[in-house]
Amino acid sequence: MTESFPRLHARTRRFTLGVPRNFTISPDGGRVTFLRTRSGTDPVTCLWELDVASGVERLVVDPLALGAADEDLPPEERARRERSRESAGGVVAYATDREVRRAVFALSGDLYLTDLASGGARRLPAAGPVIDPRLDPTGARVAYVTGGALHVLEIDTGADAEADSGAGTSLAEPEGDLVTYGLAEFIAAEEMGRMRGYWWSPSGDRLLVARVDESPVTLWHIADPANPDRQPVPQRYPAAGTANAEVTLHVIGLDGARTAVPFEQEYLVTAAWDAHGLAIVTLSRDQRTMRLLSVDPDTGETTLLREDTDPAWVDIVAGVPARLSDGRLVWVADADGGHRLVVGDEPVTPPSLQVRAVLDVDGDTVLFQASGEPSEVHLWTYTAGTISAVTTEPGVHSGRRAGGVTLVARQSLDTEGTTVTVGSASINSLAERPGLEPRVSLVRAGSRELSTAILLPSWHVPGSGPLPVLMDPYGGPHAQRVLSARRMFLESQWWAEQGFAVIVADGRGTPGRGPAFEREMLHDFTISLQDQVDALQGAAALHPGDLDLSRVAIRGWSFGGYLAALAVLRRPDVFHAAVAGAPVTDWRLYDTCYTERYLGHPDEGHYERSSLLGEAEKGERPLLLIHGLADDNVVAAHTLRLSSALLAAGRPHTVLPLSGVTHMTPQEVVAENLLLLQLDFLRKSLNITG
């Protein structure tokens, strides 16, 4: 019997299992190391290698062969995976040496090393459960974090670098329970895309290490009401307007000697240490000033290389800073209305091409992602003053480049899944077929010409009668739903097959249309609701007779959950039912970096306008609130406070608490039944039969 879409959607982790990812190209361009599960329903990730010349793939590490069928993860690794939205198991991350001859990884807290040429893996001695192991560029040593301490192990001897035996002390030992060395703090991992807390020098003789002190951060507790015998889990959560963790930097030698690297601004964005030197990027608390600083690793002295400012905020862009072979800086900055690639001091891309990330610098060639049309993401190169398109077919592309070889990963509306090519070779995707084909049209809708996807049932004949409408947005800043990729719309098409006309719209604040469009979100999240109404009206005008505007529902998760609840509270004239999953209801309860970027400090007075709590008395439409009680990102207090406000106002609503579930809802049964329960709720709320 064929599995239902909700079951398959859950088992495949939204069809991400079996998709190759995390590519590393060897310096000569001859080999590609990557991660992939054995099938589209297998959650155990393996390490693989492709020989580019022959096109032959080879399994390098199978976690099951190492006896890791049941993972036992340390709490820090569970938190890291939650921050990175990692839903699979096995070898979910690895790090190689400069020549890509060796790789290290953690598995169930143990430390493993593999020789990529011979395959297999051997366990290395470690002082405790291992987090984020990384080889030094020469491949002679591996660093890792355990118990908040940073260790360095000499691979050939099995001894800690500064010790006489394998049981020696660490390079940096935490001074208290709230101090760690070598790990990214919550804000860095959740909001800035920095998942690491240490960086090797090119010669492997020392490291730049972040020391994190969480003692200033407010202490919260994540309780488990379904198991009252269990102690609540303490969590340091930097809510808007409160203190962040204190992050300091140190250059630490293999003998434990350290040199402080002082910096003034609140946030450490990233660091880069290559043959041209050590550099760090910092960001002010209000996020209006970003600095790039060079660092003298011998003295810790910093020199300002550039400072970017913006009256709203300065964007964090992945992949920079980087350097060409001659040492010229590669950067991304806003200029003349566009996100532009900067080489040296000069923008080298036109303002109409919105640069999204720098993926690699291969000698004098820069590989980067950029968009002309916001629904598409293409690969481009910059070489010797010339930019060239690497991809031209419609779709969403990512890639890597080394040794003159470019890897291209493509998703599109005309093909299933992800295709990966490296020269004439390809890397197979083993993802499951979803069993449905999105019937999607991408349009510009409404007075603001918003990027919008409209999905209709496969069986619907245009003009045959109006369909109830389901708005299915994320809608928040820094994230897109309307992309030219089939996988983006699989769940939306399933909703369409249940009898809905589904509309997915990217409003102001979403990327791909330039800085001005993104910054219209400043100080007011509720403009996202205006844009959803605009897109709905625009879609109805494009499909006269097909959309029943007397039966409009909206659903979403996280910011989308906030938007769904906001819709039925503020615009009950437009929206007739809502499902709000893990919604932020009071922005004072969300984290510093994200919230203050858009709404400023709470004392500035911009929070009430965007809060849901003051809207509770307006509730008159069916509203289903769903929240994981183990969510440490958008904590369950958001839903509980809104529910209390609705109850105090005498407004009916439904709350579905998910015991033991985090922000990701990775559990198969939970993920499957969530879709079915939402469907049942919306059918009843909109009086849909059949």
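This text goes with the structure placed above it.
Here's what I pulled together on the structure shown here. (Residues numbered from 1 in each chain as written. Predicted model: local features only at pLDDT ≥ 70, side-chain atom pairs only at ≥ 80, totals over all residues. Heavy atoms only, no water.)

1. As for the overall build of the protein
For the record, the criterion: Here a helix means four or more residues in a row that DSSP labels H or I, a strand means two or more in a row labelled E, and each is numbered from the N terminus. Our radius of gyration is a C-alpha quantity, and the globule rule it is checked against amounts to 2.2 Å times the number of residues to the power 0.38. Per-residue accessibility, obtained with a 1.4 Å probe over protein chains only, is compared with the maximum for each type, and a residue is labelled buried under 20%, exposed over 50%, and partly exposed between these values. Residue contacts follow a heavy-atom distance rule, with two residues in contact if any of their heavy atoms lie within 4.5 Å. In this tally, Lys and Arg are treated as positive and Asp and Glu as negative; His is ignored, and so are the chain termini. Every charge is mapped onto a representative atom, which is NZ of Lys, CZ of Arg, CG of Asp or CD of Glu.
Helix and strand counts for the protein come out as ten helices and 44 strands. A compact globule built from 690 residues would reach a C-alpha radius of gyration of about 26 Å, and the protein, at 25 Å, matches this within 12%. Seen along its three principal axes, the alpha-carbon backbone of the protein occupies a region of about 75 × 55 × 55 Å. A total of 690 residues make up the protein; the buried ones form 59% of that total. Long-range pairs, those at least 24 residues apart, make up 59% of the contacts in the protein between residues at least 6 apart in sequence. Taken as two groups, the 62 positive and 91 negative side-chain charges of the protein have centres that lie 4 Å from each other.

2. Notes on the packing of aromatic side chains
Rules: Any pair of Phe, Tyr and Trp rings, taking the six-membered ring for Trp, is counted once the centres come within 6.5 Å. Such a pair is stacked with planes under 30 degrees apart, edge-to-face with planes over 60 apart, and tilted for the rest. By definition, being over a ring means that NZ of Lys or CZ of Arg is both within 6 Å of the ring centre and within 35 degrees of the ring normal.
As enumerated under the stated definition, the model contains 23 aromatic pairs in all. Ring centres of Phe 34 and Trp 48 lie 6.4 Å apart, and the angle between their planes is 10°; this geometry places the pair in the stacked category. Of this pair, Phe 34 sits in strand S2 (residues 31-37) while Trp 48 sits in strand S3 (residues 44-51), placing them 14 residues apart in sequence. Across the pair, exposure class does not vary: Phe 34 and Trp 48 are buried alike. Ring pairing ties together the aromatic residues Trp 313, Tyr 474, Phe 525, Phe 559, Tyr 562, Trp 587, Tyr 590, Tyr 594 and Tyr 598, which thus form one cluster. Stacked on the ring of Trp 48, the Lys or Arg Arg 36 has its end atom at 4.2 Å from the ring centre.

3. Regarding the sheet that holds strand S9 (residues 122-124)
Operational definition: By the convention used here, strands pair only if DSSP detects at least 2 bridges between them.
Spatial ordering of the open sheet is given by S6-S7-S8-S9, a layout of four strands whose pairing is antiparallel. Only two strands of the sheet have a single neighbouring strand rather than two, namely strand S6 (95-96) and S9.

4. Examining the pattern of salt bridges
The condition that has to hold: When a carboxyl oxygen of Asp or Glu lies within 4 Å of a side-chain nitrogen of Lys or Arg, that pair is called a salt bridge.
According to the stated counting rule, one finds 49 salt bridges in the structure shown. Notably, a salt bridge pairs Glu 190 with Arg 85, separated by 2.6 Å at the nearest N-O pair. Of this pair, Glu 190 sits in helix H3 (residues 186-191) while Arg 85 sits in the loop between helix H2 (75-84) and strand S5 (89-90); the two residues are 105 residues apart in sequence, bridging distant segments of the chain. When its relative accessible area of 13% is taken as the criterion, Glu 190 is described as buried. Of the charged contacts in the structure, one is a salt bridge between Asp 524 and Arg 609, with a shortest N-O distance of 3.6 Å.

5. Notes on helix H10 (residues 668-685)
Each α-helix turn comprises 3.6 residues. Residues three or four places apart therefore point the same way. For the record, the criterion: An expected span of 1.5 Å times one less than the residue number is assigned to each helix.
The first and last C-alpha atoms of H10 sit 26 Å apart over 18 residues, in line with the 26 Å expected at 1.5 Å per residue. In the segment just after H10, Asn 687 is the residue with positive phi, at about 55°.

6. Description of the sheet that holds strand S21 (residues 267-274)
So the rule is basically this: A fitted line through C-alpha atoms represents every axis, and for helices the fit uses only the stretch in contact; the resulting angles, taken between N-to-C directions, go from 0 to 180 degrees.
Reading across from one edge, S21-S22-S23-S24 is the order of the four strands in this open sheet, with antiparallel pairing throughout. If you trace the sheet from one side to the other, it starts and ends with S21 and strand S24 (302-309), each paired once. For this sheet, the mean inter-axis angle between neighbouring strands, taken without regard to orientation, is 20°. As paired strands, S21 and strand S22 (residues 277-283) are joined by seven bridges and run antiparallel to one another. Along S22, the bridge assignment pairs Trp 273 with Leu 278.

7. Comments concerning the pairing of S24
In this sheet, S24 lies alongside strand S23 (residues 289-295) in antiparallel orientation, the contact comprising seven bridges. Bridged to Leu 293 within S24 is Leu 304. Two successive antiparallel strands, S23 and S24, enclose a turn made up of six residues, where Gly 300 displays a positive phi of approximately 85°.

8. Remarks on unusual backbone geometry
With the exception of glycine, most residues fall at negative phi, and the peptide bonds are largely trans. Geometrically, the link from Val 320 to Pro 321 is a cis peptide bond, its omega value of 10° lying close to zero. Along the chain, Pro 321 falls in the loop between S24 and strand S25 (322-323). Non-glycine residue Asn 22 carries a positive phi angle of around 55°. Summarising the element assignment, Asn 22 is placed in strand S1 (residues 21-25). Residue Asn 22 is classed as partly exposed on the basis of its relative accessible area, which comes to 36%. Positive phi values are uncommon outside glycine, yet Val 100 reaches one of about 55°. In this structure, Val 100 sits in the loop between S6 and strand S7 (102-107). What makes Val 100 buried here is its relative accessible area of 3%.

9. As for the environment of Ser 39
Rule in force here: Here a polar contact is taken to be a pair of N or O atoms separated by no more than 3.5 Å, where protein atoms must pair a possible hydrogen donor with a possible acceptor and residues adjacent in sequence count only if both atoms sit in side chains.
Of note, Ser 39 is situated in the loop between S2 and S3. Counting along the chain gives 483 residues from Ser 39 to Leu 522, while the straight-line C-alpha distance between them is 43 Å. The residues contacting Ser 39, other than those within four sequence positions of it, are Leu 17, Gly 18 and Leu 430. At 3.2 Å, the side chain of Ser 39 forms a polar contact with the backbone nitrogen of Asp 42.

10. Description of the nonpolar core
Soluble globular proteins: nonpolar side chains tend toward being buried together. What counts, and what does not: We call a set of buried residues a nonpolar core when its members are Ala, Val, Leu, Ile, Met, Phe, Trp, Tyr or Cys and they connect through side-chain atoms within 4.5 Å of each other.
Core analysis: the largest hydrophobic core is formed by 88 residues, its most contacted members being Trp 331, Leu 341, Phe 368, Phe 525, Phe 575 and Trp 587. Among the elements that make up this core, the one with the highest residue count is helix H7 (residues 559-570) (nine residues). Apart from the residues within four sequence positions on either side, Trp 587 is in contact with Ala 240, Phe 525, Phe 559, Tyr 562, Tyr 594, Thr 595, Leu 599, Tyr 607, Ser 610 and Ser 611. Grouped together as the second largest cluster of nonpolar side chains are 30 residues, Val 482, Phe 489, Ala 577 and Leu 679 included.

11. Observations regarding the environment of Thr 303
Examined against the element boundaries, Thr 303 turns out to sit in strand S24. With 105 residues separating them in the primary sequence, Thr 303 and Tyr 198 have C-alpha atoms 20 Å apart. For Thr 303, the residues in contact, after removing those within four places along its chain, are Leu 292, Leu 293 and Ser 294.

12. Considerations on the packing of helix H6 (residues 527-542) against H7
Here is the rule: By definition in this entry, angles of less than 35 degrees are roughly parallel, angles greater than 145 are roughly antiparallel, angles of 65 to 115 are roughly perpendicular, and the rest are oblique. When residues are sorted by character, Ala, Val, Leu, Ile, Met, Phe, Trp, Tyr, Cys and Pro go into the nonpolar class, Asp, Glu, Lys and Arg into the charged class, and all the rest, Gly among them, into the polar class.
Look at H6 against H7: their axes get within 10 Å of each other, and the N-to-C directions meet at 75°. On the basis of their axis angle, the class for H6 and H7 is roughly perpendicular. When H6 is examined against H7, the residues Ser 528, Leu 529 and Gln 532 are found in contact with a partner set consisting of Phe 559, Leu 563, Leu 566, Ala 567 and Arg 570. Here the residues of the contact of H6 with H7 are counted per class, giving five nonpolar, two polar and one charged.

13. Here we look at the packing of helix H4 (residues 490-497) against H10
Selection rule: Two helices that cross are described as forming a left-handed crossing if the nearer one is turned anticlockwise from the farther one by less than a right angle, and a right-handed crossing if clockwise.
At a minimum axis separation of 12 Å, H4 and H10 run at an interaxial angle of 40°. In this view, H4 runs oblique relative to H10, as classed from their interaxial angle. The handedness of the crossing between H4 and H10 is right-handed. Side by side, H4 and H10 meet where Glu 491, Trp 494 and Trp 495 of the first sit next to Leu 675, Leu 676, Gln 678, Leu 679 and Leu 682 of the second.

14. Some thoughts on H2
Within H2, burial applies to Glu 77, Arg 80, Arg 81, Glu 82 and Arg 83. Close packing links the buried residues of H2 with S5, strand S10 (131-135) and H3.

15. Let's talk about the environment of Val 100
Residues Val 100 and Ser 398 lie 298 residues apart in sequence; the distance between their C-alpha atoms is 21 Å. Residue contacts for Val 100: discarding those within four places in its chain leaves Thr 24, Ile 25, Ser 26, Pro 27, Arg 31, Thr 33 and Leu 116.

16. Comments concerning the side chain of Asp 224
On the secondary structure map, Asp 224 appears in the loop between strand S17 (219-222) and strand S18 (233-236). Within the structure, Asp 224 has its side chain in polar contact with the side chain of Arg 230 (distance 3.2 Å). Ignoring sequence-local partners within four residues, the contact set of Asp 224 consists of Arg 230 and Ser 659.

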